[in-house]
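Chain by chain, the residues run as shown.
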Amino acid sequence: MNCRDCNVIVFNFSSLHKEILSQYSEGSPLLQLNAGPPVVFQNHLTTSNWPYQALASQHTGQDLKEHRVFNNWYHNDIHWKKFNLKTDIIDPKTPVLLELAKENGMRTIFWGGKPHPSFYDGAVGFHRGADVVVKRSFHYQTDVPELSQQLDSSGRFFAFVNITRVHFPHLILPGGWSHPEYPLPKDSQIPATEELFWVENSLGWKRLNKLVEANLDAFPPNFLRRKSEQRAAYWYLEAARFLDRGRGRENFLAHYRRAIKYSEEMINSVIEDLRQKNLLQKTLIVITADTGDNLMTTYLGDDGHRWHNYITYMQQTPESFSIPLVFYFPESEKKLDLPPLTNHTDLIPTFQDLLAWKSRGASSGESVFSDAVYERRWLHSFNYRPGKAPTVFLHNKNGVLVNEAGHGGRYYEKSTKKIFSADEEREGSSELRRASVPYLPLLNDPALLEINEKIRAETQAP
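Residues numbered from 1 in each chain as written. Predicted model: local features only at pLDDT ≥ 70, side-chain atom pairs only at ≥ 80, totals over all residues. Heavy atoms only, no water.

When you look at the overall build of the protein chain in this model, what are you seeing that I'm missing?
Helix and strand counts for the protein chain stand at 14 helices and 16 strands. Taken over C-alpha atoms, the radius of gyration comes to 22 Å for the protein chain, in line with the 23 Å a tight globule of 462 residues would show. The principal-axis extents of the C-alpha atoms in the protein chain amount to approximately 60 × 50 × 45 Å. Considering the protein chain as a whole, with its 462 residues, one finds that 58% of them fall into the buried category. Relative to all contacts within the protein chain whose residues are 6 or more apart in sequence, the contacts with residues 24 or more apart total 70%. (Helix = DSSP H or I, 4+ residues; strand = E, 2+ residues; numbered from the N terminus. Rg over C-alpha atoms; globule rule 2.2 N^0.38 Å. Buried < 20%, exposed > 50% of the residue type's maximum accessible area, 1.4 Å probe, protein only. Contact = heavy atoms within 4.5 Å.)

Next up, the structure:
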């Protein structure tokens, strides 16, 4: 595989459930792109199930232990303002993706920001090296002309375009958009449109508050306890789903499908513009994501309880780590499905391979088209949020082994949707236990534990 003279557009979704896409589910109508047959990586993984940390891996080619970008200003401001936690930035000495593209003669374009300014804060370094910076995500269909204008023939371009439309809660679309095959759910307590969502948010969710008080039997006890721990918008959208009772899961999924279809129309409009400019035949299009999404996938624990039936990327299931990686090469002739284990650290080496870049910067990964990725038996991820225990994850193609400070290990098996003790023998789980040993010191990282001790001392003070 090579694309030495190609332009590149990376459409990077925030928290995308890959199994719902046409590239991964035969017969699915979602995210069908008019760019020819895709090359699909079946086992692509995120380095963290928090987007901010995963994005740092995408742009540096390093895992979390190497780049150490954990905290951002936005979440610090919301949750930890009184603790004066620092915002972590990418080491200025570490070349990021767009810097490498620019060094190799490409005109560089970055889209990212509102409605997720936290993940794309310029001070962190995500868009270092960008010639063009748009401080918002590719979020509305009215954004298409601006991006299309930037993708011209004045030299090879490399565009990194973030899409937050399917990220919770932005999956609720503007009221002006409709599609006959993706109607709004009927008789739902979920706000029907983006405009109604923001009205309810500005009014303090009074309507849903009254419904919650009148229907306490609709909610599991642990959900009601979480009200004081979560941002109101997230909690109330989940509350609306529970209030819809038996229809709740399907009603939420209806909004998710609509958001993907809306995004698909945007991407296809950009593709059509490239075709009209005679640029599509020399442009590589990449679809990927920062994290996966549990999307209410339920796992049964060995205690008989049902776990993780919420819509979020911050769960520990394989679905929260499994992300798409799809390439549309110019004039591709047939679809290819490739099986190796790959992750965010492989993105920069892959572009070095395909585009003949002279450097891979500080990346520790491998090209996804190399022989080396086929030798992998496992990959690891790491997650940390202030106030919560650091967690190490080991992945194979069958599931994920979770190692959390202060808790026994757990193994999530994707095929059975069951949770097992880490000591129970499942296919490949013993290998993951052995592989996890070098990463366990991360659970006791002094800098992270110091932050947690500071928060714990303050929050538990009388």
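On we go from here.
It is not clear to me how the side chain of Arg107 should be interpreted in this structure. Could you clarify?
Topologically, Arg107 is positioned in strand E3 (residues 107-114). Side-chain polar atoms of Arg107 contact the backbone oxygen of Gln150, separated by 2.8 Å. Here the side chain of Arg107 touches Ser154 through a polar contact of 3.5 Å, side chain to side chain. When neighbours within four sequence positions are excluded, Arg107 is seen to be in contact with Asp131, Gln150, Asp152, Ser154, Gly155, Arg156, Phe157 and Phe158. (Polar contact = N/O pair within 3.5 Å; in protein donor to acceptor, adjacent residues only side chain to side chain.)

Which parts of the structure should I look at to understand the nonpolar core?
Side chains of nonpolar character tend, in soluble globular proteins, to be buried together. Residues Phe11 and Phe138 are the most contacted members of the largest nonpolar core, which totals 70 residues. It is helix H10 (residues 248-276) that contributes the most residues to this core, eleven residues altogether. Ignoring any residue separated from it by four or fewer positions in sequence, one finds Phe138 in contact with Phe11, Trp111, Asp143, Val144, Leu147, Val161, Asn162, Ile163, Met266 and Val270. Membership of the second largest hydrophobic core comes to 40 residues, among which are Cys3, Val8, Trp50 and Ala56. (Core = buried A, V, L, I, M, F, W, Y, C linked by side-chain atoms within 4.5 Å.)

Help me out: how do you make sense of the pairing of strand E2 (residues 39-45) in this one?
Remember that side chains alternate between the two faces of the sheet whenever the strand is regular. The element E2 is extensively covered by neighbouring structure, given that six of its seven residues are classed as buried. Alignment of E2 against strand E10 (residues 325-328), held across two bridges, turns out to be antiparallel. Opposite Val39, over in E10, you have Phe327 as the bridge partner. In the sheet, E2 pairs with strand E11 (residues 336-343) via six bridges, with the strands oriented parallel. (Pairing = 2+ DSSP bridges.)

It is not clear to me how the state of the cysteines should be interpreted in this structure. Could you clarify?
By definition, a disulfide is the covalent link that joins the sulfur atoms of two cysteine residues. As enumerated under the stated definition, the model contains one disulfide in all. Bridging Cys3 to Cys6, the disulfide has an S-S length of 1.7 Å. The sign of the -60° torsion about the S-S bond sets the Cys3-Cys6 disulfide as left-handed. Both residues of the pair, Cys3 and Cys6, count as buried. (Disulfide = S-S within 2.5 Å.)

Sorry, what's going on with the side chain of Asp244 here?
Inspection of the secondary structure assignment puts Asp244 in the loop between helix H9 (232-243) and H10. Reaching out from Asp244, the side chain makes a polar contact with the side chain of Ser188 at a distance of 2.6 Å. Those residues in contact with Asp244 that lie beyond four places of it in its chain are Asp187, Ser188, Gln189, Ile190 and Asn251.

What am I meant to see in the packing of helix H7 (residues 206-214) against H9 here?
Helix-helix packing is characterised by the crossing angle of the two axes and by the distance between the axes. One can describe the packing of H7 onto H9 by two numbers: an axis separation of 10 Å at closest approach and a directional angle of 50°. When the axis of H7 is compared with that of H9, the two are oblique. The chirality of how H7 crosses H9 is left-handed. Contacts between H7 and H9 involve Leu208, Asn209, Leu211 and Val212 from the first element and Trp235, Tyr236, Ala239, Ala240 and Leu243 from the second. Along the lines of polarity and charge, the residues of the contact of H7 with H9 split into eight nonpolar, one polar and no charged. (Axes fitted to C-alpha atoms, helices over the stretch in contact; angles between N-to-C directions. Parallel < 35°, antiparallel > 145°, perpendicular 65-115°, else oblique. Left-handed = near helix turned anticlockwise from the far one by under 90°. Nonpolar A, V, L, I, M, F, W, Y, C, P; charged D, E, K, R; others polar.)

How should the pairing of E3 be read in this particular structure?
Across the eight residues that make up E3, a large majority, seven, are buried. One ladder, built from five bridges, connects E3 with strand E5 (residues 157-163); its direction is parallel. Across the sheet, Thr108 pairs through a bridge with Phe158, a residue of E5. The sheet contact formed by E3 and strand E4 (residues 132-136) spans four bridges and is parallel. In the strand pairing of E4, Trp111 is matched with Val134.

What is the right way to read the pattern of salt bridges from this model?
Oppositely charged side chains may form a pair once their charged atoms are brought near each other. Tallied over the entire structure, the rule returns 23 salt bridges. Residue Glu200 is joined to Arg207 by a salt bridge in which the shortest nitrogen-to-oxygen separation is 2.8 Å. A salt bridge links Glu250 to Arg257, with the nearest nitrogen and oxygen atoms 2.7 Å apart. Each of Arg136, Asp143 and Glu146 takes part in a single network of salt bridges with overlapping partners. (Salt bridge = Lys/Arg side-chain N within 4 Å of Asp/Glu carboxyl O.)

Is there a simple way to think about helix H12 (residues 347-355) in this case?
Because an α-helix completes one turn every 3.6 residues, residues spaced three or four positions apart along the sequence face the same direction. Burial analysis of H12 places seven of its nine residues in the buried class, the great majority of the element. Listed as buried for H12 are Leu347, Ile348, Pro349, Thr350, Phe351, Leu354 and Leu355.

Explain the packing of aromatic side chains here, please?
A ring pair, where both rings are aromatic, is described by two values, the distance of the centres and the angle of the planes. Scanning the entire structure with this criterion turns up 30 aromatic pairs. Ring geometry for Phe168 and Phe252: centres 5.7 Å apart, planes at 35°, overall tilted. Taken as a pair, Phe168 in the loop between E5 and helix H6 (194-202) and Phe252 in helix H10 lie far apart in primary sequence, 84 residues in all. The residues Phe168 and Phe252 share a single accessibility class, namely buried. Centroid distance Trp378 to Tyr439: 6.1 Å. Interplanar angle 80°. Geometry classified as edge-to-face. Of this pair, Trp378 sits in the loop between H12 and strand E12 (379-383) while Tyr439 is found in the loop between helix H13 (429-436) and helix H14 (446-459), placing the two residues 61 residues apart along the sequence. Taking the relative accessible area as the measure of exposure, Tyr439 reaches 16% and is therefore buried. Through successive ring pairs, a cluster of aromatic residues spans Phe197, Trp198, Trp205, Phe219, Phe223, Trp235, Tyr236 and Phe242. Geometry around Phe242 places Arg241 over its ring, the cationic atom sitting 4.7 Å from the centre. Its end group placed over the ring of Phe420, Arg426 keeps NZ or CZ at 4.0 Å from the ring centre. (Phe/Tyr/Trp six-rings, centres within 6.5 Å; stacked < 30°, edge-to-face > 60°. Lys NZ or Arg CZ within 6 Å of the ring centre and 35° of its normal.)

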